[in-house]
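# Remarks on the overall topology
One-letter residues, chain by chain:
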Amino acid sequence: EWPLLLAIGALALTLGAKTWIISLTAHPVGLIALLAAICAVLLVTAMSIVRHADVVAHRLGEPRGTLLLTLAVTGLEVAMVGFVMSTRDEKPTIARDTMLAVVMLVLNGFMGLSLLLGGLRHSEQPFNLQSSISFLVLIIPLTVLGLILPNHTHSTYGPTLSTFQMVFLSIMSVGIYAVFLLVQNHLHRDFFIMAEAAGESADTHHEDPPTSTLYHALMLGVYGVPLVMLAKQMSLPLDAMVERLGAPAALGGFLMACLVLTPESVSAIKASLDNRLQRSVNILLGSVLASIGLTIPLVIGISLVTGRKLELGIDAADSVMLALTLVTSIVTFSQPRTNLLLGCVHLLLFLAYLMLMFEN
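Residues numbered from 1 in each chain as written. Predicted model: local features only at pLDDT ≥ 70, side-chain atom pairs only at ≥ 80, totals over all residues. Heavy atoms only, no water.

### A look at the overall build of the protein
Check the secondary structure of the protein and you find 13 helices and two strands. The C-alpha radius of gyration computed for the protein amounts to 20 Å, which stays within 12% of the reference 21 Å derived for 360 residues, consistent with globular compactness. Taken along the three principal axes of its C-alpha coordinates, the protein extends 60 × 50 × 35 Å. A sequence separation of at least 24 residues applies to 85% of the contacts in the protein between residues at least 6 apart. On the protein, roughly 15,300 Å² of surface is accessible, and the fraction owed to carbon and sulfur atoms is 70%. Seen as two clouds, the 17 positive and the 22 negative side-chain charges of the protein have centres 6 Å apart. (Helix = DSSP H or I, 4+ residues; strand = E, 2+ residues; numbered from the N terminus. Rg over C-alpha atoms; globule rule 2.2 N^0.38 Å. Contact = heavy atoms within 4.5 Å. Areas by Shrake-Rupley, 256 points an atom, 1.4 Å probe, with all protein chains shown as cover. Lys, Arg positive; Asp, Glu negative; His and termini not counted. Charge placed at Lys NZ, Arg CZ, Asp CG, Glu CD.)

### Observations concerning helix 11 (residues 277–306)
For helix 11, which comprises 30 residues, the first-to-last C-alpha distance of 43 Å matches the rise-based estimate of 44 Å (1.5 Å per residue) to within 8%. A large share of helix 11 lies buried, amounting to 24 of its 30 residues. Positive phi shows up at Gly307, right after helix 11, with a value of about 80 degrees. (Expected span 1.5 Å × (residues − 1). Buried < 20%, exposed > 50% of the residue type's maximum accessible area, 1.4 Å probe, protein only.)

### Focus: the pattern of salt bridges
Here the structure, examined in full by the defined rule, presents six salt bridges. With its nearest N and O atoms 3.3 Å apart, the salt bridge here joins Asp274 to Arg276. Ionic pairing is found between Lys309 and Glu311, a salt bridge with its closest N-O pair at 3.2 Å. Residue classification places Glu311 among the buried positions, given a relative accessible area of 16%. (Salt bridge = Lys/Arg side-chain N within 4 Å of Asp/Glu carboxyl O.)

### Things to note about empty space enclosed by the protein
Scanning all chains against the criterion turns up two cavities of 30 Å³ or more. In this structure, the largest cavity encloses a volume near 60 Å³. If you go around the largest cavity, you meet 10 residues; those closest to its centre are Leu67, Phe135, Phe180, Gln184 and Gly286. Those elements that provide at least two residues to the lining of the largest cavity are helix 4 (64–85), helix 7 (163–187) and helix 11. (1 Å grid on protein atoms, 1.4 Å probe; cavity = no way out; pocket = protein on both sides within 12 Å on 5 of 7 lines; lining within 4 Å. Points joined across faces, edges and corners; volume = space filled by probe spheres on them.)

### Topic: the side chain of Ser329
Looking at the secondary structure, you find Ser329 in helix 12 (residues 316–332). Overall, the relative accessible area of 0% leaves Ser329 in the buried class. In contact with Ser329, not counting residues within four places along its chain, are Leu107, Leu136 and His346.

### Observations regarding the packing of helix 1 (residues 2–16) against helix 3 (residues 28–60)
A packed helix pair is summarised by two numbers, namely the angle formed by the two axes and the spacing between the axes. It is the contact of helix 1 with helix 3, at a shortest axis distance of 9 Å, that shows an interaxial angle of 145 degrees. Two packed elements cross with a definite hand, and for helix 1 against helix 3 that hand is left-handed. Touching Trp2, Pro3, Leu6, Ala7 and Ala10 of helix 1 are Val41, Val44, Thr45 and Ser48, all from helix 3. Here the contact of helix 1 with helix 3 is built from residues that sort into seven nonpolar, two polar and no charged. (Axes fitted to C-alpha atoms, helices over the stretch in contact; angles between N-to-C directions. Left-handed = near helix turned anticlockwise from the far one by under 90°. Nonpolar A, V, L, I, M, F, W, Y, C, P; charged D, E, K, R; others polar.)

### Considering the packing of aromatic side chains
Enumeration over the complete set of coordinates arrives at nine aromatic pairs. Each ring, one from Tyr177 and one from Phe180, has its centre 6.0 Å from the other, and the planes form 25 degrees; the classification is stacked. Here Phe180 and Tyr177 lie together in helix 7, a separation of three residues that amounts to about one turn. Here Tyr177 matches Phe180 in class, with each residue buried. When the centroid spacing of 6.4 Å and the interplanar angle of 35 degrees are considered together, the rings of Phe350 and Tyr353 count as tilted. Taken together, the positions of Phe350 and Tyr353, both in helix 13 (residues 340–358) and three residues apart, correspond to about one turn of that helix. Here Phe350 matches Tyr353 in class, with each residue buried. Taken together, the ring pairs connect Phe135, Tyr177, Phe180, Phe191 and Phe192 into an aromatic cluster. (Phe/Tyr/Trp six-rings, centres within 6.5 Å; stacked < 30°, edge-to-face > 60°.)

### Focus on the confidence of the model for the protein
The share of residues in the protein with pLDDT of 70 or more is 92%, and the mean pLDDT across the chain is 84. Least confident of the elements in the protein is helix 4, whose mean pLDDT is 73; most confident is helix 12, at 95. Note on residues 196–205: pLDDT under 50 across the span, and 10 contacts to partners over four residues away in sequence or across chains. (pLDDT = per-residue confidence, 0-100.)

### Section: the side chain of Asp97
Positionally, Asp97 belongs in helix 5 (residues 94–122). Look at Asp97 and you get buried, because its relative accessible area is 9%. A polar contact of 3.4 Å, which involves the side chain of Asp97, links it to the side chain of Arg96. If we skip the residues at most four places from it in the chain, Asp97 touches Ala249, Ala250 and Gly253. (Polar contact = N/O pair within 3.5 Å; in protein donor to acceptor, adjacent residues only side chain to side chain.)

See below:
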């Protein structure tokens, strides 16, 4: 468990050497090196969390295992956003930028890689069509109501919602996600399970360590505390990068999404290479749904309790990219088999999103 010691050491350094860190942010090279070091520690720690969550997920079986893995990673992302929002300087757009980055990174970047690499190795890959329908039928309204609708309401000025609208959106998000959990784990578990193409269970692809399930469950929380606190310390160099190097303001949310989602998404890509596309779909689409469904009520709650301004609506260019991503995802998962062409299209949309982040 050396990554735990690394995370605790990095956290102690950032907390005890603030003067030195502030001096580093005054120089471009030092600023980039500091940010890269913090990101590296966060990524290694997140990979350890996914490692422990993956063991517990394997022992629970599908679809509960994938759900646990998704909730563990999404919980970290939600906690990181909440901690960054609670800093002294108001960051009204950090939640919006992170949620948009999650959608673009997962539905286009990681999903595109999964479909492309899986298609190159296996030509076409089957999955349970009912699973993608179940995910997308919730992802689409939640993303549109949370990220596009705030731009078009008249009760408040700008990309914001009134108190009543925020409370309604929070209750709706939690309620609809609770219904989804009931469907996924009890009423229609078969929607999210599919026999592997090779005729063997996904369990055969996983080596089970001798340690107890309780140990791995406890380590999820032990790793999560320094990771979330270290993510809060990353806000200082990120702000300096935006101010002094002219980086886009949305870069903070994008980096946060990358750090948390990359380890889990690597598992999804490996599953696709093993011709287990159903597990890949469960992980990736589940991550988007959990992220939107849990982040919205949390950040709204923080905004209402602390009185901090919360901007949810995205701009016109990002709205077009979001709508295009959702429509393309509908087409991609409208048939029970995928191929590399679909992966290339999603990667194209992801590159377009990156281009617009730096040159809107």
